[in-house]
Amino acid sequence: MSSVRTVLGDVRPEDLGVCDAHDHLFLRSPQLPGRELNDAAAARAESAAFRAAGGTAVVQWTPYGMGRRAADLPLLSRATGVHLVCATGLHQAAHYAPELLDGLRGRLAEVLVDELTRGIGTSGVRAGLIKVAGGFHGLDAHARWTMTAAAEAHRATGAPIAVHLELGTGALDVLDLLCGELGVPGDRVVLGHLNRSPDPAVHREAAASGCWLAFDGPSRANHATDWRMPEAVRALAEAGFGDRLLLGGDTVVAGARSVDGGPGMPYLLRRVRPRLVAELGAEHVERILIHNPARAFAVEWR
Ligand SMILES: [Zn+2]
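Residues numbered from 1 in each chain as written. Predicted model: local features only at pLDDT ≥ 70, side-chain atom pairs only at ≥ 80, totals over all residues. Heavy atoms only, no water.

Structural notes on the overall build of the protein chain
And step 1. Of regular secondary structure, the protein chain possesses eleven helices and eleven strands.
And step 2. The C-alpha atoms of the protein chain give 17 Å as radius of gyration, which agrees with the globular expectation for 302 residues (19 Å, within 12%).
And step 3. Along the first, second and third principal axes, the C-alpha set of the protein chain runs to 50 × 40 × 40 Å.
And step 4. Here the protein chain holds 302 residues, and the buried ones make up 57% of them.
And step 5. Long-range pairs, those at least 24 residues apart, make up 76% of the contacts in the protein chain between residues at least 6 apart in sequence.
And step 6. Positive and negative charge centroids in the protein chain, built from 31 and 34 side chains respectively, lie 4 Å apart. (Helix = DSSP H or I, 4+ residues; strand = E, 2+ residues; numbered from the N terminus. Rg over C-alpha atoms; globule rule 2.2 N^0.38 Å. Buried < 20%, exposed > 50% of the residue type's maximum accessible area, 1.4 Å probe, protein only. Contact = heavy atoms within 4.5 Å. Lys, Arg positive; Asp, Glu negative; His and termini not counted. Charge placed at Lys NZ, Arg CZ, Asp CG, Glu CD.)

Observations concerning the packing of helix α6 (residues 171–181) against helix α7 (residues 200–207)
And step 1. As a packed pair, α6 and α7 sit with axes 9 Å apart at the nearest point and diverge in direction by 15°. On the basis of their axis angle, the class for α6 and α7 is roughly parallel. Our pair here, α6 against α7, has a crossing hand that is left-handed. In this structure, α6 contributes Ala171, Leu172 and Leu175 to the contact, and α7 contributes Val202, Glu205 and Ala206.
And step 2. The residue inventory of the contact of α6 with α7, partitioned by class, reads five nonpolar, no polar and one charged. (Axes fitted to C-alpha atoms, helices over the stretch in contact; angles between N-to-C directions. Parallel < 35°, antiparallel > 145°, perpendicular 65-115°, else oblique. Left-handed = near helix turned anticlockwise from the far one by under 90°. Nonpolar A, V, L, I, M, F, W, Y, C, P; charged D, E, K, R; others polar.)

Topic: the coordination of the zinc ion
And step 1. All of the protein donors around the zinc ion are His22 (NE2), His24 (NE2) and Asp250 (OD); their distances to the metal are 2.0 to 2.2 Å.
And step 2. Here the donor residues of the zinc ion are spaced in sequence according to H-x1-H-x225-D. Of this pair, histidine 22 sits in strand β3 (residues 19–23) while aspartate 250 sits in the loop between β11 (245–248) and α10 (266–280), and the two are 228 residues apart along the sequence. The same class applies to histidine 22 as to aspartate 250, namely buried. (Donors = N, O, S within 2.8 Å, 3.2 Å for Na, K, Ca; no water.)

Here's the deal with the packing of helix α9 (residues 229–241) against α10
And step 1. Between α9 and α10, the least distance of the axes is 10 Å, while the angle of their chain directions is 45°. Classified by the angle their axes make, α9 and α10 are oblique. The handedness of the crossing between α9 and α10 comes out as right-handed. Each of Met229, Pro230, Glu231, Val233, Arg234 and Ala237 in α9 lies in contact with α10, whose residues at this interface are Val272, Arg275, Leu276, Glu279 and Leu280.

Here it is as structure tokens:
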């Protein structure tokens, strides 16, 4: 039987409910000095605000070594009533100290499998997905290394692989590597940030692989393309890919939280949902927020 691996244990996919399929409660990176998501009270308030807006599940894409605070997630999930799914995996090299990456050479797949099956550190919390990242319009050696390890961990566990696309680019290179060379089934790959590069032909070609297409934001970094998200989603739905789409808030810095004055997680339901309902109709949007994530993150764990 397939299940979604949350921080409180495995749940039936249909129990997830309204899901923010790509977001962050905790995240730190040398790339974002002073803007870390590292405040448990704010994370709890943001989750509660999402719950109050009707949200019931959040998939946190923060990978290994970026301040996930896995040990804090069960309490937060219990306190707010929001299902939380936590990631393992590795982001781009720029987000880490070189020594940390050196320490993972030759054993990355093993670490990923351990976090998916045994737990993250001593927290007892098991990851429910593997997050990796591509580069700008291509893949560097680090991306190939991490994706190869992710594919190995996927084969060992069944876990889905969620991919940060740099500014939304490189989708087809990622699919060529993961699904072509490494043999990961398309429906076990989630491409993130597609909204940042709104090329409808690339979106359709990616969708034809059977992968999941995640649209996220808004954020200041995506501002130039945020307004094109509804039309990109509609074009994919009209092309017959409505059952491959996911939505997320992707809150990556403290100032983007709703409780700190940003759009944050509730914005997804407060503004993005009605905007998409106007574009696609309520039934389609319900599918994207409820039924698609239940399938995208459900795993026959092995
Ligand atoms: Zn993200």
